[in-house]
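Secondary and tertiary structure notes
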Amino acid sequence: AHGLAAEEAEAEAEGDGATEKWAARTWLQSLPIADVVVRPMLLPLRELGQSLSSAEGSVPLELEFMRGVAKIGSRAMVAELFDAHKLVEHIADVLWQAVTELEQ
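None of the values given here were measured: they were computed from a predicted structure.

Considering the layout of surface pockets
Within this model, the largest pocket holds a volume of roughly 170 Å³. Those elements that place two or more of their residues in the lining of the largest pocket are helix 6 (58-72) and helix 7 (75-84). A total of 4 residues in the lining of the largest pocket trace back to one element, the largest contributor, which is helix 6. A breakdown of the residues in the lining of the largest pocket according to their chemical character gives 8 nonpolar, 2 polar and no charged.

Structure (structure tokens):
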């Protein structure tokens, strides 16, 4: 999942001036955090049997769903969805794996 992006970030860091070029923000952006967040966010679509692939035609459905969330949902609803699906735990798993890979 995030191996290639992490390897690219590490390769960048190992080049000339590795210490000066490495930045936590860039490293974090290379991790699949968005993949972890999108799963619970789009769960209602999946439960309706809708395809969540990135194939043509699915993006407008996801966009309309997100607009619906903004219209009838709330911050509390999003937080409850994330709590119910242990989002913090999943993000921590991704971050911990990536942090330990930095040491190798």
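Examining the packing of aromatic side chains
If you walk through the whole model with that rule in mind, you get 1 aromatic pair. A centroid spacing of 6.0 Å and a plane angle of 40 degrees characterise the contact between Trp22 and Trp27, whose relative ring orientation is tilted. The exposure class assigned to Trp22 is partly exposed, which follows from its relative accessible area of 34%. Given a relative accessible area of 9%, Trp27 falls into the buried group.

Quick notes on the environment of Ala92
Residue placement: Ala92 occurs in helix 8 (residues 87-102). Accessibility expressed as a relative area gives 38% for Ala92, which makes it partly exposed. In sequence terms Ala92 and Ile33 are 59 residues apart; their C-alpha atoms lie 9.7 Å from each other.

Side note on the pattern of salt bridges
Applying the stated criterion across every chain yields a total of 1 salt bridge. A salt bridge links Glu64 to Arg67; the nearest nitrogen and oxygen atoms lie 2.9 Å apart. Here the residue Glu64 and the residue Arg67 both occupy positions in helix 6, the gap between them amounting to 3 residues, near one helical turn. According to the relative accessible area criterion, Glu64 is partly exposed, its value standing at 47%. Judged by its relative accessible area of 49%, Arg67 falls in the partly exposed class.

What counts and how
Residue positions are counted from 1 within each chain, in the order its sequence is given. Owing to the predicted nature of the model, reporting of local features is limited to residues with pLDDT of at least 70; listing and counting of side-chain atom pairs is limited to 80 or more, with chain, interface and lining totals taken over all residues. Side-chain metrics in this entry use all non-hydrogen atoms of the structure; hydrogen atoms and water are not considered. A cavity, in this analysis, means grid points on a 1 Å lattice covering only the protein atoms where a 1.4 Å probe fits yet has no way out; a pocket is instead an open set bounded by protein on both sides within 12 Å along at least five of seven lines, and a residue lines either one if it has an atom within 4 Å of a point. Grid points are joined across faces, edges and corners, and a volume is the space filled by probe spheres set on the points. For the purposes of this entry, the term helix denotes a DSSP run of H or I that reaches at least four residues, the term strand denotes a run of E that reaches at least two, and both are numbered from the N terminus. When residues are sorted by character, Ala, Val, Leu, Ile, Met, Phe, Trp, Tyr, Cys and Pro go into the nonpolar class, Asp, Glu, Lys and Arg into the charged class, and all the rest, Gly among them, into the polar class. Only Phe, Tyr and Trp rings are paired, with Trp represented by its six-membered ring, and only when their centres lie within 6.5 Å; those with planes under 30 degrees apart are stacked, over 60 edge-to-face, the remainder tilted. Per-residue accessibility, obtained with a 1.4 Å probe over protein chains only, is compared with the maximum for each type, and a residue is labelled buried under 20%, exposed over 50%, and partly exposed between these values. The rule for a salt bridge is simple: a side-chain nitrogen of Lys or Arg has to be within 4 Å of a carboxyl oxygen of Asp or Glu.

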